[in-house]
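So the chains spell out like this:
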Amino acid sequence: MNKRVFLALVVLMSLSLIGIILVQAYYINNSLRNTEEQFNFNVKKALSYVSKTIEDQEYNKHLFWVTKSIQESGTKADTTAILNFYVEQKNRDNNETLIYRNGILEENFKLSSALFDIGLDSINVKRILSEKETKVVDNNLVEGGTSLTALLSEISTKEYAEVFSKNSYEEFAYRRPIHKRVTVDEINRLLSLKLLEDDIDIDYEFAIYSNELATKVKTEDFEKNEGATFSVPIFVNKNDKNNYRLLVNFPDRKEFILSSIMTMLILSIVFTSVIILAYSSALYQLIKQRQISQIKTDFINNMTHEFKTPIATINLALDSIKNPKILEDKDKVLRYLGMIREENKRMHAQVENVLRISKLEKNELNISKERVDLHELVEEAIMHVELIIEDRGGEITVNLNADKTSVLANDSHFTNVLVNILDNAIKYSPQAPKIIVTTEVVGNNILVHVKDHGSGMSKSAQKRVFEKFYREHTGDIHNVKGHGLGLAYVKRIIEDHQGHISVESEKDKGSTFTIKLPLIS
């Protein structure tokens, strides 16, 4: 797939995923806002209901008291007035007496028609006057007196009480302290019933405030919060300067609103997480497959190049042996046969590396372990590369300083591990190789250090040097042959021995490979 097409697909898929997440977030936020608005509406509706119900109850009690008092007074109507209502009420709370009078008077006049020139002998004119009086006196200054006196004219007791009780109610009610007009239990009963009608079943705290100051009517844990407190007026009275307001708080309001959409929110988060995880995994696998495809292409090219040289050498050696002159020279024949053998072994070794890695990945490589002396394995590995080092004019220094050397290992595979590391030290030494092999004991582990003075490697290469097929890029120069399989095999075998391998390197100054293995007693 073209790189630009691949990047375009990744960008489009990412934008689509981000779009889906944003749309979900928008709808969840919108649903949350609608739920909150509905909650606020229901709460305000409940508060208005409570306020009106309490006011109506108080008024109805007053109306009942006025009606009953009029009926029980037995007074006769005053013929000089249409309506004349007089109430006297003693208030023991403040030792005062409220005197309230409200009357409607009628005056009839007969006027001469000459004043108006309308063709009649006379005109009847009626004038209705209204009088209202309210007095508050100290009980200490008032002696005797009745609690109620009512003067009635030609009107029924019930109609009369309804007309005048509203005016007298306003005069009497606002003078009473708020805790005498309503109780906490009464508000709580009405409010809880109304809230339950709208499925609002959470704890709340309430209070009645007068001119922004708390009154005695409140729950113990009420705290006023400007941003989260609902408020409605209560006991509204044009004569009242107390400005009572009923305030309610819901401590668990946010949790309640969230709980209403919690199922949708959780499902949305779960499904979105699954989509993101699946997308990320697919994208990772896609990128990884592209990398593997590129690595395999490089590997095939590398392998072709690696096999081309030994095959060409073998063909040339065979052609030379066919020459009658060379055929008679025994030394040359043996030399060419040796070259053929070495090139064949070289190709065989590469094939074996590929097969070993394949078996390791499938867990088909049977590695049996037994107690071995690590120093013996080191010496055996050095013997395999000693002639190559001598042939290149190099040297190998061995410092086997460890006093404990028993490890649990497979001697064959672990010898191959050491040979691979030594072979790398030789290959990546442009000049005559100089290698130092050291062992030491640290805690319950034995360390093997293989140090060379070769070309070294960059920091980025150190992080990936144990990856399969990885080789550091050196431009168009291919002075070191290989497929990037040796160190991958080394790492897998060491990890199978519960060990660890690391590398420290500096460009053009060499590398040091360190193997750590657990000791056994």
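The structure this text deals with has already been given above.
Attention here is on the structure that accompanies the text. (Residues numbered from 1 in each chain as written. Predicted model: local features only at pLDDT ≥ 70, side-chain atom pairs only at ≥ 80, totals over all residues. Heavy atoms only, no water.)

What about the overall build of the protein chain?
Within the protein chain, the secondary structure is distributed over 12 helices and 15 strands. Across the 521 residues in the protein chain, those meeting the buried criterion constitute 36%. By sequence separation, contacts in the protein chain at least 24 residues apart represent 72% of the contacts at least 6 residues apart. (Helix = DSSP H or I, 4+ residues; strand = E, 2+ residues; numbered from the N terminus. Buried < 20%, exposed > 50% of the residue type's maximum accessible area, 1.4 Å probe, protein only. Contact = heavy atoms within 4.5 Å.)

Considerations on helix α4 (residues 184–197)
For α4, spanning 14 residues, the distance from its first C-alpha to its last is 20 Å, which sits close to the expected 20 Å at 1.5 Å a residue. Turning to α4, its buried residues number three or more, namely E186, I187, L190, L191, K194 and L195. Taken down its axis, α4 places every buried residue within 145° of arc, on the same side. Downstream of α4 by a residue or two, D199 has a phi angle that is positive, lying close to 60°. (Expected span 1.5 Å × (residues − 1). Arc of directions from axis to C-beta.)

Here we look at the sheet that holds strand β7 (residues 229–233)
Strand order across the open sheet formed by 4 strands is β6-β5-β8-β7, with antiparallel pairing between neighbours. The sheet terminates laterally at β6 (213–218) and β7, the two strands that pair on one side only. Taking the axes of each pair of neighbouring strands and ignoring which way they run, one obtains an average angle of 35° across the sheet. Bridge count between strand β5 (residues 205–210) and strand β8 (residues 244–249): 6 bridges; the pairing is antiparallel. (Pairing = 2+ DSSP bridges. Axes fitted to C-alpha atoms, helices over the stretch in contact; angles between N-to-C directions.)

Some words on the nonpolar core
Membership of the largest hydrophobic core comes to 41 residues, with the highest contact counts inside it found for L422, I435 and I515. Within the residue set of this core, elements represented by two or more residues are α9 (374–391), β11 (406–409), α10 (411–427), β12 (434–442), β13 (445–452), α12 (486–496), β14 (500–506) and β15 (510–518). With 8 residues, the top contributor of residues to this core is α10. Excluding its chain neighbours within four sequence positions, the residues that come into contact with I435 are I389, E395, I396, T397, L422, A425, I426, V450, K451 and D452. In terms of nonpolar packing, the next biggest core, distinct from the first, is built from 27 residues, L47, V182, Y204 and F235 among them. (Core = buried A, V, L, I, M, F, W, Y, C linked by side-chain atoms within 4.5 Å.)

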